[in-house]
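Listed below, chain by chain, are the residues.
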Amino acid sequence: MDLGEAIKERRSVRKYKADRPIPQEHIEAIVEAGCWAPSSANTQPWRFVVVTDRETIAAMAGAVHDVFQTISKEALRRGEKRVAAFCRFVRGHGGFFADAPLVIVACAKPFEFPLLKMPTTTLVETIREIGGMEVDFEPIVVDTVQKSVAMAVQNMLLKAHSLGYGTCPMDAPIAVERTLREMLGIDDGLRLVMVVPIGIPASARVRAPNRLPVVEVTRYHQP
Ligand SMILES: Cc1cc2nc3c(=O)[nH]c(=O)nc-3n(C[C@H](O)[C@H](O)[C@H](O)COP(=O)(O)O)c2cc1C
């Protein structure tokens, strides 16, 4: 598949053929595509939890649905209509994947610069002590792992698309991170970043949401 075509034709798919399990070699190919993503200092902070058990997948989707259902009802009861509408949106966009035959939960390990062999907190404190107070560490030692994992996820979406699968990169389920962590036995050392249901799309075509024109999102810097 041509790369440009794959980039443009990949869609977020939210309905899957439940009775079409994904062969192991395809699961491995999708995860391997994730592993070839770039990562900060090549730390490869991604860890993937592969879920194929139907009951577990339905329970995950149900947990997201139920929590936002409860909050949206309570918001309505209190007259908070806009909050209720937001919660209904998240309920719909977070709890739809019960039918997916495969869900990959992409997680991040905290950043550890390979050569330093010291905790990141010690590194940051020491740099601050010696005068680097104005340096903003958040983007390079905290957020950095999320960026690397997001890149891995995009690789996986494209690979899955090239194999004929529909996917949806999701972060709404991360709102119930603790519940998902317990369901899947994910240890405290990992942060959940994205939840990606994968399956044969239930319908042949999914409409492409429009994109802002390139000129609108680009500014050529003039010194
Ligand atoms: C960081 C991120 C989080 C997203 N979270 C969700 C989500 O929780 N639920 C959902 O249905 N779609 C989610 N999406 C998918 C977007 O809605 C989708 O990419 C966007 O509408 C463009 O559609 P397309 O992917 O078909 O091009 C997410 C996408 C990204 C990049």
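In this text the structure is predicted, and so the values were computed from the model without any measurement.

Enquirer: Looking at this structure, how should I read the overall build of the protein chain?
Expert: What the protein chain contains, in helices and strands, is eight helices and four strands. Taken from the N to the C terminus, the helices and strands of the protein chain come in the order α-α-β-α-α-β-α-α-β-α-β-α. Dimensions of the protein chain, computed from the C-alpha atoms along their principal axes, are close to 60 × 50 × 45 Å. Taking all 223 residues of the protein chain together, 37% fall into the buried category. The long-range fraction of contacts in the protein chain, counting pairs at least 24 apart against all pairs at least 6 apart in sequence, stands at 81%. Element-wise, carbon and sulfur atoms account for 56% of the exposed surface of the protein chain, whose accessible area totals about 13800 Å². Across the protein chain, the centroid of the 28 positively charged side chains sits 9 Å from that of the 26 negatively charged ones.

Enquirer: Help me understand the packing of aromatic side chains in this model?
Expert: Using the criterion set out here, one finds two aromatic pairs in the structure. Where Phe96 meets Phe97, the ring centres are 6.2 Å apart and the plane angle is 85°; that geometry is what we call edge-to-face. A relative accessible area of 17% means that Phe96 is categorised as buried. Ring geometry for Phe111 versus Phe113: centroids 6.3 Å apart, planes at 45°, classification tilted. For Phe113, a relative accessible area of 35% corresponds to the partly exposed category.

About the thresholds
- Residues numbered from 1 in each chain as written.
- Predicted model: local features only at pLDDT ≥ 70, side-chain atom pairs only at ≥ 80, totals over all residues.
- Heavy atoms only, no water.
- Helix = DSSP H or I, 4+ residues; strand = E, 2+ residues; numbered from the N terminus.
- Buried < 20%, exposed > 50% of the residue type's maximum accessible area, 1.4 Å probe, protein only.
- Contact = heavy atoms within 4.5 Å.
- Areas by Shrake-Rupley, 256 points an atom, 1.4 Å probe, with all protein chains shown as cover.
- Lys, Arg positive; Asp, Glu negative; His and termini not counted.
- Charge placed at Lys NZ, Arg CZ, Asp CG, Glu CD.
- Phe/Tyr/Trp six-rings, centres within 6.5 Å; stacked < 30°, edge-to-face > 60°.

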